[in-house]
Amino acid sequence: DANDKLAAAKAKGKTTDLKNVELLGGKVGVAKDALKASETQQSAAKSKASASAKALSAANSKASAADSSIASAQKSVDQAEAKLAAATQKYQKEQKIAAEKKAKADKKAAKEAKKQKKAAEKKAKKLKKQVKAEQKRMKELQKKKAAADDAKAKAAKEAAKEAAELANQAKKLEALKK
């Protein structure tokens, strides 16, 4: 084996082989140190990639939550608009009936029609406010979704950048191993 040959070379007084072995040993040590440093860098890069993946996942989650909120808000707006349409239709019917009764009825019937008209207008006004409030809420949710989408895109960009860095470091590591 190599140690026996080295011991035999020492015994014979041949120092050239000994120096070659020591020189090779030094080179092996330097290569091991470089490999260890590269592996440390690779581990740090993997940690960064993991953190980026978590950030991307959080951004995706926020975007999904915003989508759900928008869908819920849209459903509320649709319901409020349907109620408004029904109240408007009812109001129009009541107006027609009130006009017919007014021509035929006495003051009491006219007074009742006025009362119903006010109630219907109040209800329609209330429903209009609800529609406006839901539309405002929907706009805010869309802004939040846009912000979440921006964060998602940023996280994806950073993840891609870090993946490229990881690939570059892996190439360097492979080059050092050769």
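Below, the structure is looked at part by part. In this text, all values refer to a predicted model and were calculated from it rather than measured experimentally. (Residues numbered from 1 in each chain as written. Predicted model: local features only at pLDDT ≥ 70, side-chain atom pairs only at ≥ 80, totals over all residues. Heavy atoms only, no water.)

1. Focus on the overall build of the chain
Piece 1. Across its full length, the chain holds 3 helices and 0 strands.
Piece 2. Written out in order from the N terminus, the α and β elements of the chain read α-α-α.
Piece 3. Expressed as a percentage of its 178 residues, the buried residues of the chain come to 16%.
Piece 4. Of all intrachain contacts in the chain linking residues separated by at least 6 positions in sequence, the fraction that spans at least 24 positions is 88%.
Piece 5. Put simply, the chain shows about 13900 Å² of open surface, and 56% of that area lies on carbon and sulfur atoms. (Helix = DSSP H or I, 4+ residues; strand = E, 2+ residues; numbered from the N terminus. Buried < 20%, exposed > 50% of the residue type's maximum accessible area, 1.4 Å probe, protein only. Contact = heavy atoms within 4.5 Å. Areas by Shrake-Rupley, 256 points an atom, 1.4 Å probe, with all protein chains shown as cover.)

2. Observations regarding the environment of L173
Piece 1. Position of L173 among the secondary structure elements: in helix α3 (residues 107-177).
Piece 2. A relative accessible area of 5% places L173 in the buried class.
Piece 3. Separated by 136 residues in the primary sequence, L173 and A37 place their C-alpha atoms 9.5 Å from one another.
Piece 4. Those residues within four positions of L173 in sequence are excluded, and the remaining contacts are L35, S38, E39 and Q42.

3. Focus: the pattern of salt bridges
Piece 1. Taken as a whole and judged by the stated rule, the model has 3 salt bridges.
Piece 2. Measuring nitrogen to oxygen at the nearest pair gives 3.4 Å for the salt bridge that ties D67 to K145. Taken as a pair, D67 in helix α2 (residues 16-104) and K145 in helix α3 lie far apart in primary sequence, 78 residues in all.
Piece 3. Look at D67 and you get partly exposed, because its relative accessible area is 36%.
Piece 4. On the basis of relative accessible area, K145 is assigned to the partly exposed category, the value being 23%.
Piece 5. Residue D149 is joined to K145 by a salt bridge in which the shortest nitrogen-to-oxygen separation is 2.9 Å. Taken as a pair, D149 and K145 lie in helix α3 at a separation of 4 residues, close to a single helical turn.
Piece 6. Looking at D149, the relative accessible area reads 29%, which means it is partly exposed.
Piece 7. What emerges from the salt-bridge pattern is a single network uniting D67, K145 and D149. (Salt bridge = Lys/Arg side-chain N within 4 Å of Asp/Glu carboxyl O.)

4. Description of the side chain of S38
Piece 1. Take S38: it is sitting in helix α2.
Piece 2. The buried category is assigned to S38, whose relative accessible area is 12%.
Piece 3. If sequence neighbours within four positions are ignored, S38 has contacts with L173 and L176.

5. Quick notes on the environment of V131
Piece 1. Here V131 shows up in helix α3.
Piece 2. Residue V131 is classed as buried on the basis of its relative accessible area of 8%.
Piece 3. A sequence separation of 50 residues divides V131 from E81, and the C-alpha atoms of the two residues are 6.5 Å apart.
Piece 4. Every residue in contact with V131, bar those within four places of it in the chain, is listed here: A80 and E81.

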